[in-house]
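Single-letter residue listing:
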Amino acid sequence: MQFGIFTVGDVTTDPTTGTTPSEHERIKATVEIAKKADEVGLDVVAVGQHHNPPFVASAPTTTMAYIAAQTEHILLSTSTTLITTTDPVRIAEDYSTLQHLTDGRMDLMLGRGNTGPVYPWFGKDIRDGIALAVENYALLRRLWTEDVVTWEGKFRTPLQSFTATPRPLDGIAPFVWHGSIRSPEIAEQAAYYGDGFFHNNIFWPMSHTKQMVALYRRRFEHYGHGSADQAVVGLGGQVFMRANSQDAVREFRPYFDNAPVYGHGPSLEDFSRETPLTVGSPQQVIERYAAMADHVGDYQRQLFLVDHAGLPLKTVLEQLDILGGEVVPELRKIAAARKPAHVPDAPTHASRLAAARTQQTQAEEVAR
Amino acid sequence: MSTSTSTDRTPRRVVVVQAGVGQPSSTRLLAERLATSTTDALLERGEESVVEFVDLRLHVHELANAMLTGFASGALAEAVEAVRGADAVIVATPVYQASYSGLFKSFVDILEEGSLKGTPVLLAATAGTARHSLVLEHAMRPLFAHLKAVTVPTAVFAASEDWGAGGLDHGLAARVGAAAGELADVVAGAGRPRRTPGRLDGELADPVPFEQLLAG
């Protein structure tokens, strides 16, 4: 099972000091956080894509390439790549380039974006959100799997004899996750293609996450990609830890109370009960997250949001030390012990290349 | 939410959503009268019923939280589910500043799209003066038309003076009786299937098949 972090790349004032990082500081901090995640042994770091303040993360592949150049093992991903407002031709080219530069140490998660005004800035309409995700991804797949594409659709210029370059590394398209919180159509899309499905449940009760994952699993099996429990599932998470749980609560509460999304609403205690937010000791986090699989089945990827609500860089780096040092090794053990052999790990470039080679060898043997 | 066959004799589920905040509350009083009258009217038409009250004053904090978090939690989640699975809904609000109260609208705002589609609804409101009575027609009825609910023609308004006006065959009592009768007629009407309440963790229905989405 993969464990990692994801960020949306927001610039938020630290409510305890009134300090707001500059865009420059925030972008540099994102890189520092990713390097630290690599250093403490996490598997994945995912960066956001937004085109409106207070976010600075508008160019994910640039940031990913820069991080990849300074890290050894960690896999680069997105949270999320906007499939609605980004030209699929550009996604094909940018991410194939990244795939070559990183020797396959990357994948991507597609999302639609829920901010109405962003769509027209890119010549699109939020009311076409699902239709854009469907058409653009269908084209993106063809651009990666077919060398020469002739295509016509509703949302972009037709293509005559177009070849997206570079071609994917080793002829294998980057692995794709589809992220959605509330849209069954996106769970259906992930299931149809046999791609991964990521439910960013950080603001949602488990009853809802469970329903969406169950739907994806059921449809994954329906489309013949394997049994429901072999579907590729990712979840979000949100934690804040200190050795002593009271210290964690005391330190995190002002950040929680003023957080951009849920701040000034529910109490930290209420929100922790309803959502995956866990503020306490490393042991409490281990217990809570080890139990996630009881609700959604054995899953492949767990990403934590750690750099939000104005938390200073120093604190975020400390959180990563705890996460990588104490929490994830324990969660890895627990996940490995409970996962049946037929449930796959999250696909990587190496595992997909090996699978493709096996398939080719078998085909050659049959031909002989 | 699912429906069962018309031969099923499980009681009809009447859910009363009332936004009165006083203790005691005249809005609650009116809602109770409408509920009792509806139960009686249903019985006259051969239908047993059970009544469930959603007193919004108990959910004020949960509603504020839901505005920011985007989901209903705790008892509020159960209230939302009760409304979605109701055979009939009675709604009653006090009039504040020439319209339904903010508390009342806050509850309506968190209902998922389609929650009241096709549901028979009886509209009711209270105020200190009868000059507000058209709130039912100018604010409440358009709101429930938007929600695609089936509102019954008689909406019941009670001003302070109505509580002291006499007579069972005219005035408030007559309006309550008429509205309850209309609601019972719709609920007990031929072929209206019974509803069974949904479950918060129930299975999601199959989505539109992907080939269909791909075809645009």
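Note that the structure is a prediction, hence the values are computed from the model and not measured.

A. Region of interest: the overall build of chain B. Along chain B, the regular secondary structure elements total seven helices and nine strands. Here the C-alpha radius of gyration of chain B, 18 Å, is about what a compact globule of 216 residues would show, namely 17 Å. Considered along the principal axes of its C-alpha atoms, chain B spans approximately 65 × 45 × 30 Å. Burial status across chain B gives 38% buried among its 216 residues.

B. Representation of the overall build of chain A. The secondary structure content of chain A amounts to 13 helices and 12 strands. For chain A, whose C-alpha radius of gyration is 20 Å, the value lies close to the compact-globule estimate of 21 Å for 368 residues. Projected onto its principal axes, the C-alpha coordinates of chain A cover approximately 65 × 45 × 40 Å. The burial tally for chain A puts 46% of its 368 residues in the buried class. Residue pairs at least 24 apart in sequence account for 74% of intrachain contacts in chain A once pairs closer than 6 positions are excluded.

C. Main features of the interface of chain A and chain B. Contacts between chain A and chain B engage 24 residues on the former and 17 residues on the latter. Of the residues assigned to the side of chain A that touches chain B, the class counts are 12 nonpolar, six polar and six charged.

D. How the structure looks around the environment of glutamate 39 of chain A. With respect to the helices, strands and loops of the structure, glutamate 39 of chain A is situated in helix H1 (residues 23-39). Through-space distance from the C-alpha of glutamate 39 of chain A to that of phenylalanine 203 of chain A is 28 Å; in sequence the pair is 164 residues apart.

E. How the structure looks around the packing of helix H5 (residues 129-145) of chain A against helix H6 (residues 184-193) of chain A. Residue and element names in this part refer to chain A. With their axes 10 Å apart at the nearest point, H5 and H6 run at an angle of 15° to one another. When the axes of H5 and H6 are compared, the pair comes out roughly parallel. As for the relative orientation of H5 and H6, their crossing is right-handed in sense. Every residue of H6 that contacts H5 at Ile130, Ala133, Val134 and Tyr137 is listed here: Glu185, Ile186 and Gln189. Taken together, the residues of the contact of H5 with H6 sort by class into five nonpolar, one polar and one charged.

F. Examining the environment of threonine 129 of chain B more closely. Residues and elements named next belong to chain B. Take threonine 129: it is sitting in the loop between strand S6 (120-127) and helix H5 (135-146). Residue classification places threonine 129 among the exposed residues on the basis of 10 C-beta atoms within 10 Å. Taking the C-alpha atoms as reference points, threonine 129 and glutamate 161, 32 residues apart in sequence, are found 7.6 Å from one another.

G. Geometry of helix H3 (residues 74-84) of chain B. Residues and elements named next belong to chain B. By the burial criterion, the buried members of H3 are Leu76, Ala79, Val80, Val83 and Arg84. Projected onto a plane normal to the axis of H3, the buried residues spread over an arc of 140° and lie on a single side. Its buried side turned inward, H3 meets strand S2 (12-18), strand S3 (49-55), helix H2 (60-69), strand S4 (88-96) and helix H4 (102-110).

H. Spatial organisation of the nonpolar core. Residues and elements named next belong to chain A. Grouped together as the largest cluster of nonpolar side chains are 96 residues, with contacts concentrated most on Ile5, Ala37, Val45, Ala187, Phe197, Tyr216 and Val233. Among the elements that line this core, the one with the most residues is H5, at eight residues. Apart from the residues lying within four places of it in its own chain, the contact partners of tyrosine 216 are Ala187, Ala190, Ala191, Phe197 and Ala231.

I. Region of the structure containing the pairing of S3 of chain B. All names here are of chain B. Note that S2 and S3 share seven bridges and pair parallel. Residue pairing for S3: glutamine 18 is matched across the bridge by aspartate 55. In this region the chain leaves S2, passes through helix H1 (residues 26-44) and returns to the parallel neighbour S3; the handedness of that crossover is right-handed.

J. View of the confidence of the model for chain B. Counting all residues, the mean pLDDT for chain B is 91, and 92% of those residues have values of 70 or more. The low-confidence segment residues 1-6 of chain B, where pLDDT is below 50, has 14 contacts with residues more than four positions distant or belonging to other chains.

K. A look at the environment of arginine 338 of chain A. Residues and elements named next belong to chain A. Take arginine 338: it is sitting in helix H12 (residues 313-338). In this structure, the C-alpha to C-alpha distance between arginine 338 and valine 328, residues 10 residues apart in sequence, is 15 Å. For arginine 338, the contacting residues outside a window of four places in its chain are Ala293 and Asp298.

L. Just the pairing of S2 of chain B, in detail. For S2 of chain B, a buried count of seven out of seven residues is recorded, marking the element as mostly surrounded by other parts of the structure. Residues Arg12, Val14, Val16 and Gln18 of chain B of S2 of chain B are buried on one face, and the alternating residues Arg13, Val15 and Val17 of chain B, pointing to the opposite face, are buried as well.

M. Summary view of the packing of H1 of chain B against helix H6 (residues 171-188) of chain B. All names here are of chain B. At their nearest, the axes of H1 and H6 sit 8 Å apart, and the two run at 50° to each other. Here H1 lies oblique to H6, going by the angle between them. Judged by the twist between their axes, the crossing of H1 over H6 is right-handed. Contacts between H1 and H6 involve Arg33, Leu34, Ser37, Thr38, Ala41 and Leu42 on the former and, on the latter, Val176, Gly177, Ala179, Ala180, Gly181, Leu183, Ala184, Val187 and Ala188. Class assignment of the residues belonging to the contact of H1 with H6 gives a composition of 10 nonpolar, four polar and one charged.

N. Seen up close, unusual backbone geometry. A cis amide bond links threonine 165 of chain A to the next residue, proline 166 of chain A, at an omega of -5°. Here proline 166 of chain A lies in the loop between strand S7 (159-162) and strand S8 (176-179). At the junction of glutamine 23 of chain B and proline 24 of chain B, the peptide bond is cis and its omega measures out at 0° in the coordinates. Checked against the element boundaries, proline 24 of chain B lands in the loop between S2 and H1. Phi is positive for histidine 264 of chain A, which is not a glycine, with a value near 65°.

O. Region of interest: H1 of chain A. Residue and element names in this part refer to chain A. With 17 residues, H1 should cover 24 Å at 1.5 Å per step; its first-to-last C-alpha distance of 24 Å lies within 8% of that length. Listing the buried residues of H1 in full gives Arg26, Ala29, Thr30, Ile33, Ala34, Lys36, Ala37 and Asp38. Tucked inside the fold, the buried residues of H1 contact strand S1 (2-6), strand S2 (44-47), helix H2 (60-69) and H12. Glycine 41 lies just past H1 and shows a positive phi near 90°.

Calculation notes
Each chain has its residues counted from 1, running along the sequence as written. Labels follow written order: the first chain is A, the first ligand is 1, and so on. A pLDDT threshold of at least 70 governs which residues receive local features in this predicted model, and a stricter bar of 80 or more applies before side-chain atom pairs are shown or counted, although totals over entire chains, interfaces and linings include all residues. Numbering of helices and strands runs from the N terminus, with a helix taken as a DSSP run of H or I at least four residues long and a strand as a DSSP run of E at least two residues long. Here the radius of gyration uses the C-alpha set of atoms, whereas the globule reference equals 2.2 Å times the residue count to the power 0.38. Three exposure classes are used. Buried residues have 20 or more other C-beta atoms within 10 Å of their own C-beta, exposed residues have 12 or fewer, and partly exposed residues fall in between, all C-beta atoms being placed from the backbone. Here the contact rule is simple: place C-beta atoms from the backbone, and any two residues whose C-beta atoms are within 7 Å are in contact. Charged means Asp, Glu, Lys or Arg here, nonpolar means Ala, Val, Leu, Ile, Met, Phe, Trp, Tyr, Cys or Pro, and polar covers whatever is left, Gly included. Note on geometry: axes are C-alpha line fits, over the in-contact stretch for helices, and angles between N-to-C directions span 0 to 180 degrees. The scheme is simple: roughly parallel for angles under 35 degrees, roughly antiparallel for over 145, roughly perpendicular for 65 to 115, oblique for anything else. Crossing chirality is assigned from the near helix's rotation relative to the far helix, an anticlockwise turn below a right angle marking it left-handed and a clockwise turn marking it right-handed. Throughout, the arc means that of the directions going from the helix axis to the C-beta atoms. Linking buried Ala, Val, Leu, Ile, Met, Phe, Trp, Tyr and Cys residues through C-beta atoms within 7 Å yields a set, and such a set is a nonpolar core. A pair of strands is treated as paired once DSSP finds two or more bridges between them. Handedness of a crossover: with both strands directed away from the viewer, a clockwise path from the first strand across the helix to the second marks it as right-handed. One number per residue, pLDDT, summarises how confident the predictor is, and it ranges from 0 to 100. Here, expected helix span is obtained from the residue count minus one, scaled by 1.5 Å.

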